[in-house]
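The residues making up each chain are set out below.
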Amino acid sequence: MTSPIEDLRTVRDYLRYASSQFSASRVFFGHGTDNVWDEAVQLVMRSLHLPLENNTLFLDARLTREERELVLERIRRRIDERVPMAYLLGEAWFMGMPFHVDERVLVPRSPIGELIESGFQPWLGDKPVERVLDLCTGSGCIGIGVASVFEDARVDLSDISPDALAVAESNIEFHELRDRVRTVESDVFASISGRYDIIVSNPPYVDAEDLADMPDEFHHEPALGLAAGNDGLDIAHRIIAGAAEHLTPGGLLVVEVGNSWVALDEAYPDLPFTWLEFSNGGDGVFAITEQDLRHWRSKH
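Computed from a prediction, not measured in an experiment: that's the story for all the values here.

Student: In this structure, what is going on with the overall build of the protein chain? I would like to understand it.
Tutor: Per the secondary structure count, the protein chain includes 11 helices and nine strands. Relative to the globule expectation of 19 Å for 300 residues, the C-alpha radius of gyration of the protein chain, 21 Å, shows essentially globular dimensions. Dimensions of the protein chain, computed from the C-alpha atoms along their principal axes, are close to 70 × 40 × 35 Å. Relative to its full complement of 300 residues, the protein chain shows a buried share of 52%. For the protein chain, the computed accessible surface area is about 14,100 Å², with 48% contributed by carbon and sulfur atoms.

Student: Please explain the nonpolar core as it appears in this structure.
Tutor: Generally speaking, soluble globular proteins have nonpolar side chains that are buried together. Counting 35 residues, the largest nonpolar core has Val 11, Tyr 14, Phe 22, Leu 43, Val 44, Val 71 and Ile 75 as the members making the most contacts within it. Breaking this core down by element, the ones donating at least two residues are α1 (11–24), α2 (36–47), α3 (65–80), α4 (85–89) and α7 (162–174). In terms of residue count, α1 provides more of this core than any other element does, six residues in total. Excluding residues within four positions of it along the chain, Tyr 14 makes contact with Ile 5, Leu 8, Arg 9, Val 44, Leu 63, Arg 68, Val 71 and Leu 72. Grouped together as the second largest cluster of nonpolar side chains are 32 residues, Ile 144, Leu 177, Val 181 and Val 254 included.

Student: Whenever I open this one, the pairing of strand β6 (residues 196–201) confuses me. Can you help?
Tutor: Of all six residues in β6, six are buried, a share of seventy percent or more. The pairing of β6 with strand β7 (residues 247–256) spans five bridges and is classified as parallel. The partner of Tyr 196 across the bridge, within β7, is Leu 247.

Student: Can you help me understand empty space enclosed by the protein in this one?
Tutor: Any space left empty among the atoms is revealed by the rolling of a water-sized probe across them. Summed over the entire model, instances satisfying the criterion amount to one cavity of 30 Å³ or more. In this model, the largest cavity occupies a volume close to 40 Å³. What lines the largest cavity is Phe 28, Phe 29, Gly 30, His 31, Gly 32, Thr 33, Glu 39, Arg 78, Pro 84 and Met 85. Split into classes, the residues belonging to the lining of the largest cavity amount to four nonpolar, four polar and two charged.

Student: Looking at this structure, I do not really get the pattern of salt bridges. What am I missing?
Tutor: Pairing between side chains of opposite charge can happen when their charged atoms approach one another. The tally for this structure, following the rule as stated, stands at 21 salt bridges. Ionic pairing is found between Arg 76 and Asp 80, a salt bridge with its closest N-O pair at 3.7 Å. With Arg 76 and Asp 80 both in helix α3 and four residues apart, the pair spans about one turn of that helix. Taking relative accessible area as the criterion, Arg 76 reaches 34% and is therefore assigned partly exposed. Within this structure, Glu 73, Arg 76, Arg 77, Asp 80 and Glu 81 form a network of salt bridges that share partners.

Parameters and conventions
- Residues numbered from 1 in each chain as written.
- Predicted model: local features only at pLDDT ≥ 70, side-chain atom pairs only at ≥ 80, totals over all residues.
- Heavy atoms only, no water.
- Helix = DSSP H or I, 4+ residues; strand = E, 2+ residues; numbered from the N terminus.
- Rg over C-alpha atoms; globule rule 2.2 N^0.38 Å.
- Buried < 20%, exposed > 50% of the residue type's maximum accessible area, 1.4 Å probe, protein only.
- Areas by Shrake-Rupley, 256 points an atom, 1.4 Å probe, with all protein chains shown as cover.
- Core = buried A, V, L, I, M, F, W, Y, C linked by side-chain atoms within 4.5 Å.
- Contact = heavy atoms within 4.5 Å.
- Pairing = 2+ DSSP bridges.
- 1 Å grid on protein atoms, 1.4 Å probe; cavity = no way out; pocket = protein on both sides within 12 Å on 5 of 7 lines; lining within 4 Å.
- Points joined across faces, edges and corners; volume = space filled by probe spheres on them.
- Nonpolar A, V, L, I, M, F, W, Y, C, P; charged D, E, K, R; others polar.
- Salt bridge = Lys/Arg side-chain N within 4 Å of Asp/Glu carboxyl O.

Rendered as structure tokens:
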């Protein structure tokens, strides 16, 4: 197949070409976009270091040959190798903020971002927030998002993976938050000390059957960040068991378990989970207070 590099010259050309190629292929959209056009815009514009919004000024700008080669190579890899766009760019967006990502961490896509932007209201109430734990942090996007909303809070980003924490460290530096945000290597709560006003987690929660059936794009992500046993709840069980001992009085636990939420609800029939709804889509996220966790613990 001959290269179209001599025929495609402008930003507009490459947006059209990427859209056509993605439409004709079987790429899966689920790592930051959900349609052909948004995928094309993000891949082309960010490959050229152009803004994602207010960018019509650049549509008829011509690309250098080096730029054309780069964009075409990324379009090819997106289709032929099913590499998620965020890994091709080395960048993903969460809560309107850019984050460094690569294949050491999952691509940020949690609906928890919407909850963070609301200041965890109404579930947090008027409780002051001084200390926050982002458990199973990956790239650090959730904890750094929290730090951007609660500007006086100290935030710990915890993960079992040293590779993931290296990415999180790069994002702490990128967002200039070294004075308030740090990383902690820990297997769930094993190396965590002290108490937090909020514990928030997007842990591995994919069950064995779903993991086997996932589109090819997901197999570029670290299995450590996805797999959580036969029912997808191996890590969630440990978080629920230990959270009360690491929450301040009146503290809040927020955990995403995705499609495993039904199994979790059935496993804890007397735990009063609040299953959250999101305006921008997404489900499988619960909130529960420190008091409810302690009351449940006292009966078991």
